[in-house]
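# Residue-level structural notes
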Amino acid sequence: MHESPRSAAAVAALFELPFADLLYQAQMVHRAHFDPNRVQLSTLLSIKTGGCPEDCGYCPQSRRHGTAMADEPIMDLPSVLEAARRARAAGATRFCMGAAWRGPKQKDLEPVLAMVREVKALGLETCATLGLLRDGQAEQLKDAGLDYYNHNLDSAPEFYGEVITTRDYQDRLDTLGRVRSAGLNVCCGGIVGMGEARSQRVGLIAQLAALEPQPESVPINLLVRVEGTPLADVQALDPLEFVRTVAVARICLPKSHVRLSAGREAMSDELQALCFLAGANSIFYGDRLLTTGNPEADRDRALFERLGITPAQAVAP
Ligand code: SAM
Ligand code: DTB
Ligand code: SF4
């Protein structure tokens, strides 16, 4: 028996509410499960950048697009640890390592396992996003001390094929199943502003809400339109529709941390404040996402100060 809406019709009805009624409902759900003035901070690091064989239309790291991004080797362990220490010192509680792979080969996974072990030893929560996982790989990551695995559904199944052709929706669901079975926390969300219809934003949230159990962490990305990618010139999403999407995610995924993710750099403080009011309670923190920019930590700290938001406490080292 689930109390939160998860049928497409119920999710669509939320999107149709007057803005004030939607935000009021999101606030009530948020306050029933979380301290509304606390936001979790995760810092990203691209440990393997560029040269990806996949064709995700939004992504600057695909080697199929004209983004002229170099195919770099995997980072060395000391450099990763230095970045993790910096993130910890700045106040992040989770460190997320991303790789531009379709998925890791065993020889790729070995150095990542070492990174997970050592980052965990710094007292940070660990997260990795490495693409599709094969049988046994999630277990190896779990044994190394991984806390979260990020793998996004990205869009509604009806829209997915217009953005990506090299992996299908079921591949993603299979990886999420492996992550869950290995006992890892699931971080799974999507991207909006890719030219999808509202009904397709509904479809994305309905899919996320139907995951059983629901993901612990739900990144809502606003497309960063990168020159050279097929989606570079797509029409910008109405900012208030973005706030609606966050609010609907909060209501449908009541116990999940909803992360205000990519796209924040271009948002005003006022728009971000509306997103926190709508129930977002996590951000990517630090001046880079994977390959694109993110607000400077100082700007985020100043915004939190103005809003009376306290970052979630770091775990003891
Ligand atoms: N290669 C792995 C994979 O795709 O599963 C992991 C890294 S991939 C860059 C992680 C996520 O970043 C994607 O699923 C997508 O949701 C997000 N992303 C990539 N490019 C983006 C962009 N331009 N704007 C917003 N989100 C983006
Ligand atoms: C997620 O949902 N968003 C992050 C993280 N998970 C890996 C990545 C955003 C990437 C934005 C484009 C870039 O910086 O390359
Ligand atoms: Fe590769 Fe991931 Fe980018 Fe897709 S989103 S092209 S899989 S790095």
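Here's a quick rundown of the structure.

About the thresholds
- Residues numbered from 1 in each chain as written.
- Chains lettered and ligands numbered in written order.
- Predicted model: local features only at pLDDT ≥ 70, side-chain atom pairs only at ≥ 80, totals over all residues.
- Heavy atoms only, no water.
- Near = heavy atom within 4 Å.
- Nonpolar A, V, L, I, M, F, W, Y, C, P; charged D, E, K, R; others polar.
- Core = buried A, V, L, I, M, F, W, Y, C linked by side-chain atoms within 4.5 Å.
- Buried < 20%, exposed > 50% of the residue type's maximum accessible area, 1.4 Å probe, protein only.
- Helix = DSSP H or I, 4+ residues; strand = E, 2+ residues; numbered from the N terminus.
- Contact = heavy atoms within 4.5 Å.
- Axes fitted to C-alpha atoms, helices over the stretch in contact; angles between N-to-C directions.
- Parallel < 35°, antiparallel > 145°, perpendicular 65-115°, else oblique.
- Left-handed = near helix turned anticlockwise from the far one by under 90°.
- Phe/Tyr/Trp six-rings, centres within 6.5 Å; stacked < 30°, edge-to-face > 60°.
- Lys NZ or Arg CZ within 6 Å of the ring centre and 35° of its normal.
- Expected span 1.5 Å × (residues − 1).
- Polar contact = N/O pair within 3.5 Å; in protein donor to acceptor, adjacent residues only side chain to side chain.
- Areas by Shrake-Rupley, 256 points an atom, 1.4 Å probe, with all protein chains shown as cover.
- Salt bridge = Lys/Arg side-chain N within 4 Å of Asp/Glu carboxyl O.

### Details of the site of ligand 3
If you check the shell around ligand 3, you find Cys-52, Glu-54, Cys-56, Tyr-58, Cys-59, Ser-62, Ala-100, Trp-101 and Arg-167 and nothing else. For the shell around ligand 3, the residue count by class is 6 nonpolar, 1 polar and 2 charged.

### Focus on the nonpolar core
In this structure, Tyr-58, Phe-95, Leu-130, Leu-141 and Phe-242 are the most contacted members of the largest nonpolar core, which totals 92 residues. The dominant element in this core, judged by the number of residues it contributes, is helix H9 (residues 239-252), at 8 residues. Beyond its immediate sequence surroundings of up to four residues, Leu-130 is in contact with Ile-47, Met-97, Ala-99, Trp-101, Arg-102, Gly-103, Pro-104, Leu-109, Val-112, Leu-141 and Tyr-149. Counting residues in each nonpolar core, the second largest holds 7 residues, with Leu-44, Cys-96, Cys-127 and Ala-262 among its members.

### Observations regarding the packing of helix H1 (residues 8-16) against helix H8 (residues 198-210)
In contact at an axis separation of 9 Å, H1 and H8 are set at 125° when each is read in the N-to-C sense. In terms of their interaxial angle, H1 and H8 are classed as oblique. For the element pair H1 and H8, the recorded crossing hand is right-handed. Residues Ala-8, Val-11, Ala-12, Phe-15 and Glu-16 of H1 touch H8, and the partners they reach there are Arg-198, Arg-201, Val-202, Ile-205 and Ala-206. Among the residues making up the contact of H1 with H8, the classes are represented as 7 nonpolar, no polar and 3 charged.

### Re the packing of aromatic side chains
The final tally for this structure, using the stated rule, is 2 aromatic pairs. Here Tyr-160 and Tyr-169 contribute two aromatic rings whose centre-to-centre distance is 5.3 Å and whose plane-to-plane angle is 90°, an arrangement assigned as edge-to-face. Across this residue pair, the class does not change: Tyr-160 and Tyr-169 are buried. Where Phe-276 meets Phe-304, the ring centres are 6.0 Å apart and the plane angle is 75°; that geometry is what we call edge-to-face. Of the two residues, Phe-276 is situated in helix H10 (residues 269-277) and Phe-304 in helix H11 (residues 297-307); the sequence distance between them amounts to 28 residues. Its relative accessible area of 7% is what places Phe-276 among the buried residues. A cation sits over an aromatic face here: Arg-94 above Tyr-148, 3.6 Å from the ring centre. Lying across the ring of Phe-284, Arg-259 places its NZ or CZ 4.8 Å from the centre.

### Remarks on helix H2 (residues 19-33)
Owing to its 3.6 residues per turn, the α-helix brings residues three or four apart onto one side. When the terminal C-alpha atoms of H2 are compared, their 22 Å separation across 15 residues agrees well with the 21 Å that a helix rising 1.5 Å per residue should span. Buried within H2 are the following residues: Leu-22, Leu-23, Ala-26, Gln-27, Val-29 and His-30.

### Quick word on the site of ligand 1
Near ligand 1 you find 16 residues, and of these Tyr-58, Ala-99, Asn-152, Asp-154 and Val-224 are the closest. In this structure, Ala-99 approaches ligand 1 through a main-chain N or O atom, which is 3.1 Å from a nitrogen atom. At 2.7 Å, a side-chain N or O of Asp-154 approaches an oxygen atom of ligand 1. About the coverage of ligand 1: the protein hides 90% of its 560 Å² of free accessible area. Of the residues in the shell around ligand 1, the class split is 9 nonpolar, 5 polar and 2 charged.

### Things to note about the pattern of salt bridges
Per the counting criterion, the structure on display carries 20 salt bridges. Several salt bridges share partner residues, and in doing so they unite Glu-16, Glu-196, Arg-198, Arg-201 and Glu-241 into one network.

### What about H9?
Its 14 residues give H9 an end-to-end C-alpha distance of 20 Å, which sits within 8% of 20 Å, the value for a rise of 1.5 Å per residue. When you tally the buried positions in H9, you get 12 out of 14 residues, the bulk of the element. Taken together, the buried positions of H9 are occupied by Glu-241, Phe-242, Val-243, Arg-244, Thr-245, Val-246, Ala-247, Val-248, Ala-249, Arg-250, Ile-251 and Cys-252. The N-cap residue of H9 is Asp-238: its side-chain oxygen and the backbone nitrogen of Leu-240 are 3.0 Å apart.

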